[in-house]
Structures are given as C-alpha cells and as structure tokens.
Amino acid sequence: MDGIFSVLASPIPFIVLISIVITVHELGHYWVGRGFGAAVESFSVGFGRPIFEVRDKRGTRWRVNWLPLGGFVKFVGELQAPTDTRETPDATPSATEAAPVKLVGKAYTELGPMKRLAVSLGGPLANFIFAIAVFAVLGMAFGIPQSKEITVASVAPNSAAAVAGFQPGDVIVEAGGRAVTVGSDVNRATELSAGEAVTYRVLRDGAPINLTATPLETEETNAVLQMKQKVGRIGIALTQRDTEMRYLNPVEAVGYGFTSTGDALGATLNVLRRLVTGKEGLDKLSGPVGIFTLADKVTDLHMQQKDVNIWEKVWQLTFSMLQLSALLSIGVGFFNLLPIPVLDGGAAVMCLAEAATGKEIPEKVHRVGLTIGLACLVSFALLITWQDIARLWPGGS
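These numbers come from a predicted model, not from an experiment.

A.B. asks: Sorry, what's going on with the overall build of the chain here?
C.D. replies: Of the regular secondary structure elements, the chain holds ten helices and 14 strands. By the burial criterion, 39% of the 397 residues in the chain qualify as buried. Of all intrachain contacts in the chain linking residues separated by at least 6 positions in sequence, the fraction that spans at least 24 positions is 64%. On the chain, roughly 21,000 Å² of surface is accessible, and the fraction owed to carbon and sulfur atoms is 65%.

A.B. asks: Even after reading the chapter, I still don't get the nonpolar core, so can you show me in this structure?
C.D. replies: Residues Phe166, Ile172, Tyr200, Ile234 and Ile236 are the most contacted members of the largest nonpolar core, which totals 18 residues. Taken together, the elements giving at least two residues each to this core come down to β6 (149-155), α4 (160-164), β7 (171-175), α5 (183-191), β9 (198-204) and β10 (207-213). Every residue in contact with isoleucine 172, bar those within four places of it in the chain, is listed here: Ile150, Val152, Phe166, Val180, Val186, Arg201, Val202, Ile236 and Leu238. Counting residues in each nonpolar core, the second largest holds 13 residues, with Val21, Ile291, Leu317 and Leu324 among its members.

A.B. asks: In this structure, what is going on with helix α6 (residues 250-276)? I would like to understand it.
C.D. replies: Because the α-helix completes a turn every 3.6 residues, residues three or four places apart line up on one side. Between its terminal C-alpha atoms α6 stretches 39 Å, which fits the 39 Å expected from 27 residues at 1.5 Å a residue. As for α6, its buried residues are in contact with α3 (113-141) and α8 (310-336). Where α6 starts, the residue carrying a side-chain oxygen 3.1 Å from the main-chain nitrogen of valine 251 turns out to be asparagine 249. Once α6 ends, the next one or two residues include glycine 278, with phi positive near 80 degrees.

A.B. asks: Honestly, unusual backbone geometry in this entry has me stumped. Any pointers?
C.D. replies: A negative phi angle is the norm for most residues apart from glycine, just as the trans form is the norm for most peptide bonds. Positive phi, normally seen in glycine, also occurs at asparagine 158, with a value near 60 degrees. The residue aspartate 242 is not glycine, and still its phi comes out positive at about 55 degrees. Inspection of the secondary structure puts aspartate 242 in the loop between β13 (236-241) and β14 (244-246).

A.B. asks: Got a minute to help me understand the packing of α3 against helix α9 (residues 344-357) in this structure?
C.D. replies: The contact between α3 and α9 brings their axes to 9 Å, and the two run at 160 degrees. One element, α3, and the other, α9, form an angle in the roughly antiparallel class. Relative to α9, α3 is oriented so that their crossing is left-handed. Mapping the contact onto sequence places Pro113, Met114, Arg116, Leu117, Ser120, Leu121 and Pro124 in α3 and Asp344, Ala347, Ala348, Cys351, Leu352, Glu354 and Ala355 in α9. Taken together, the residues of the contact of α3 with α9 break down into ten nonpolar, one polar and three charged.

A.B. asks: Which parts of the structure should I look at to understand the packing of aromatic side chains?
C.D. replies: What characterises a pair of aromatic rings is the spacing of the ring centres plus the angle enclosed by the ring planes. All told, the structure shown has twelve aromatic pairs when counted by the stated rule. Aromatic pair phenylalanine 14 and phenylalanine 292: ring centres 5.6 Å apart, planes at 65 degrees, arrangement edge-to-face. Highlighted residues: phenylalanine 14 in helix α2 (residues 11-35) and phenylalanine 292 in helix α7 (residues 288-303), separated in sequence by 278 residues. For phenylalanine 14, a relative accessible area of 7% translates into the label buried. When the ring of phenylalanine 142 is compared with that of tryptophan 315, the centres are 4.9 Å apart and the planes differ by 35 degrees; the resulting orientation is tilted. On the criterion of sequence distance, the pair formed by phenylalanine 142 in the loop between α3 and β5 (144-146) and tryptophan 315 in helix α8 is long-range, its members being 173 residues apart.

A.B. asks: Help me understand the pattern of salt bridges, please; the structure alone is not making it clear to me.
C.D. replies: Two side chains with opposite charge may pair up if their charged atoms get near one another. Overall, the coordinates contain 14 salt bridges when judged by the stated rule. We note a salt bridge from glutamate 354 to arginine 116, for which the minimum N-O separation is 2.8 Å. Highlighted residues: glutamate 354 in helix α9 and arginine 116 in helix α3, separated in sequence by 238 residues. Since its relative accessible area comes to 11%, arginine 116 is described here as buried. Put simply, Glu196, Arg273, Arg274 and Lys279 are held in one network by salt bridges that share partners.

A.B. asks: Just checking my understanding: could you explain the environment of proline 208 for this structure?
C.D. replies: Counting through the fold element by element, proline 208 comes out in strand β10. Considering only alpha carbons, one finds proline 208 and aspartate 170, 38 residues apart in sequence, at a separation of 9.8 Å. Residue contacts for proline 208: discarding those within four places in its chain leaves Arg201, Val202 and Leu203.

A.B. asks: I would appreciate a short explanation of the environment of glutamate 252 in the present structure.
C.D. replies: Position of glutamate 252 among the secondary structure elements: in helix α6. Spatially, the C-alpha atoms of glutamate 252 and glycine 139 are 8.4 Å apart, while their sequence positions differ by 113 residues. Glutamate 252 has contacts with Arg246 and Tyr247, leaving out every residue within four places of it along the chain.

A.B. asks: Teacher, can you tell me more about a nonpolar patch on the surface here?
C.D. replies: Taken together, the side chains of Ile51, Phe52, Val54, Val64 and Trp66 present a nonpolar region at the surface, about 520 Å² in accessible area. Within the residue set of the nonpolar patch, elements represented by two or more residues are β1 (40-55) and β2 (61-75). For the nonpolar patch, the leading source of residues is β1, giving three residues. Assignment of secondary structure puts tryptophan 66 in strand β2.

A.B. asks: Would you take a moment to explain the packing of α3 against α8 for this structure?
C.D. replies: A pair of packed helices can be characterised by two numbers: the angle between their axes and the separation between those axes. Packing of α3 against α8 leaves a shortest axis separation of 8 Å and a crossing angle of 155 degrees. Between α3 and α8, the crossing angle belongs to the class labelled roughly antiparallel. Read as a crossing pair, α3 and α8 show a hand that is left-handed. Here Pro124, Asn127, Phe128, Phe130, Ala131, Val134, Phe135 and Leu138 of α3 lie close against α8, whose contacting residues are Phe319, Leu322, Gln323, Ser325, Ala326, Leu327, Ser329, Ile330, Val332, Gly333, Phe334 and Asn336.

Rules used in this analysis
Residues numbered from 1 in each chain as written. Predicted model: local features only at pLDDT ≥ 70, side-chain atom pairs only at ≥ 80, totals over all residues. Heavy atoms only, no water. Helix = DSSP H or I, 4+ residues; strand = E, 2+ residues; numbered from the N terminus. Buried < 20%, exposed > 50% of the residue type's maximum accessible area, 1.4 Å probe, protein only. Contact = heavy atoms within 4.5 Å. Areas by Shrake-Rupley, 256 points an atom, 1.4 Å probe, with all protein chains shown as cover. Core = buried A, V, L, I, M, F, W, Y, C linked by side-chain atoms within 4.5 Å. Expected span 1.5 Å × (residues − 1). Polar contact = N/O pair within 3.5 Å; in protein donor to acceptor, adjacent residues only side chain to side chain. Axes fitted to C-alpha atoms, helices over the stretch in contact; angles between N-to-C directions. Parallel < 35°, antiparallel > 145°, perpendicular 65-115°, else oblique. Left-handed = near helix turned anticlockwise from the far one by under 90°. Nonpolar A, V, L, I, M, F, W, Y, C, P; charged D, E, K, R; others polar. Phe/Tyr/Trp six-rings, centres within 6.5 Å; stacked < 30°, edge-to-face > 60°. Salt bridge = Lys/Arg side-chain N within 4 Å of Asp/Glu carboxyl O. Patch = residues over 30% accessible without salt bridge, like charges linked within 9 Å, V, L, I, M, F, W, Y side chains within 5 Å.

Written out as structure tokens, the structure reads:
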C-alpha cells in the first residue's frame, strides 16, 4: 500500500514546485503591468484547457489549466507567440460566457518601450525576490550550519591536492576567493571548476598559505539521492569541528538571502560560461523530467525514513522543498533573461532597440523573431528532456 501511495503521490511535489515558481514569475509581470495601467486578458497557471476559471472585476480571466508545466500572463495587444493577434480591451467571451467583457486598462502597445522593458524584467525580478525571501525565512526558522574549523583529514596520493601541496591537518579558510564556514563551501568551489585552477587559502601551523589545485572531473553517485553526477574533485577528505546551527535575526536573514541568491546566480553564470567555452557539456542542465526526478527522490528520502514520526518527516520535507523552490526560482529567472525571442530577455532587447531608435519594431519582425525563438526553445527543450530521460537508465549520468 505504501508503494502504491508513493507512486500516486510522486507527481505532487513536482507540480507544487513548478506551480509556485511559475506563479511567482508571472505575478511579477502582472503587477508591474498593472502598475502601468495595462489591461490583462488572462493569467494562467499551466497550459491547455482550463480546469478552473474565474473572471475578476477588471475583466481578467484567472485560469488553472490541466498541464502543469508552466504558465503565462497575457496583456491585451501583446504578442507572445507567432500566432497571437493584437486584441483590443474589448475581451472576447470565454466558453462559459455569452457576451464580451470590457477589460480595464490600456493595450500593451500603448505602453512606452521602457515601461514594457520593466514589465519584461518584472518576472525574473520576482523570482529573485522570492528566492531571497525563502532563504531569509530558512535562515531564521532553521538556522545555518557553521563550523569552527574545516580541516583536511587526508590527501589522496597523486591527486590534484597532493600535487598542489595539501597536507593532513591543513585548515581551509577560503576556497575560490570565498570564506569557508562549512565543508560544503569547499565542495561548492571545487565541484563546478573541473579543469580550472582554484586557489585555496589554508592555515598550516597557524601560518596562512595559498595552494592552487585544478579539480579533475569525476563521475560519482550521490549516496543520498542515488543520482549520478559529474563533478570536480581534488582528492581531499575533510573533517569539521564543532558544527552547530546559528539562527539568524531578521537583518542577518535578509543579508543571508541576498548572499545565497547571489551565490546561486554566480554558480549559474559559471556553468553558462563553461558551456560556452566548451568546458562543460549540456549534461549539466536539467528540464522538467530532471526536476520531477529530483523532487521525487527528495520526497522519498524524507518520507521513507524509519523511526521518524510523520510530522517530523513533513517538517524536513518542507525545508528541502523550500530550498528547491528557491533554487528553481533563480534558475527560471536567469533562464528567462537570456536574449532569445519568446523569453523575457528577447522582449527586453526589442524594447531597448525601440527606445534607442525611437521607432516601433514592425509587427512582422516581431513574428519572425518569435518563430525563430520558439523553434530554438522547443529544440533545446527536446534535447534537455532526452538527456533527463537518459539519466534514468542504468549507466546514465
């Protein structure tokens, strides 16, 4: 019975994660657009036919659709896809309505290019603000781990660390230019830097020394989640002394939220740089299938614990899902900033071009750009989905 329940419930964490992050993103667009007086035709969570729909007093259709893989907010007169038309604030009726409804506000095209730029950036900005808020709440509610000392326990023979001069007993205080407070800080600087030199600052007999090592790419299986991954390693084992959780006050928590979000964005930019320079492959990226798999494994990890009551399991799972939602929100916000038509970054480029030239971009150019962008996006999504599926097979990483 537990197995059947697990299978039936496995999509729920994924749906919750995707729905939260996409709703936050689209609300960012919605509120900025509303602030500039734009009329909103619909706000949809998911794609396809609606399973729930209601229209508010401004004429906006709020919809929950059957395919929970995204969402969108549609302003009157906005072109989001090559087949879109330029509507007027006189809304067409839905399947459940008999007559058109007057939408409150102006058409999207009536907004100036800089206002439309702000609307385009509102979604990613909302994602980043959401991540900052989540990390801040986690810092106050659950605390952050801190260790008094991160020490090298052993050095693998002939490893990158051995070549760099690491010795057992070295205390690592910085890795990749960032202060080290827990062992994961060292791993974070190492894992995404395979083939690139990383500088570590250590204390040896109380004296500071800089050691430079080049991590080697290693394929290993995450012992907790049982998922294969390729990461950089230099060949050291670490020990932590006097690790404890430090609960943050509100001011510290906000700072922690900004720092954590900045670190995640920095890691994302690093991966993108390595992809462009050929130092990483597309296997570092994941799509909906990969996110589904990760959410499912994290859920099983918590819910299948022995000798732990259900409330403690739920509490731990909530912590993990909040972390995942923040990281996914950062990923969605960053991805949408890429200068590809169909994405927010592409729309932002169009707005900047219009502001610079003082001329409206012809509708035909918009449609051609959207067609090309959509084709690129679909091709990319298919490739990433294929990689995600391949990871599920034995031998996949």
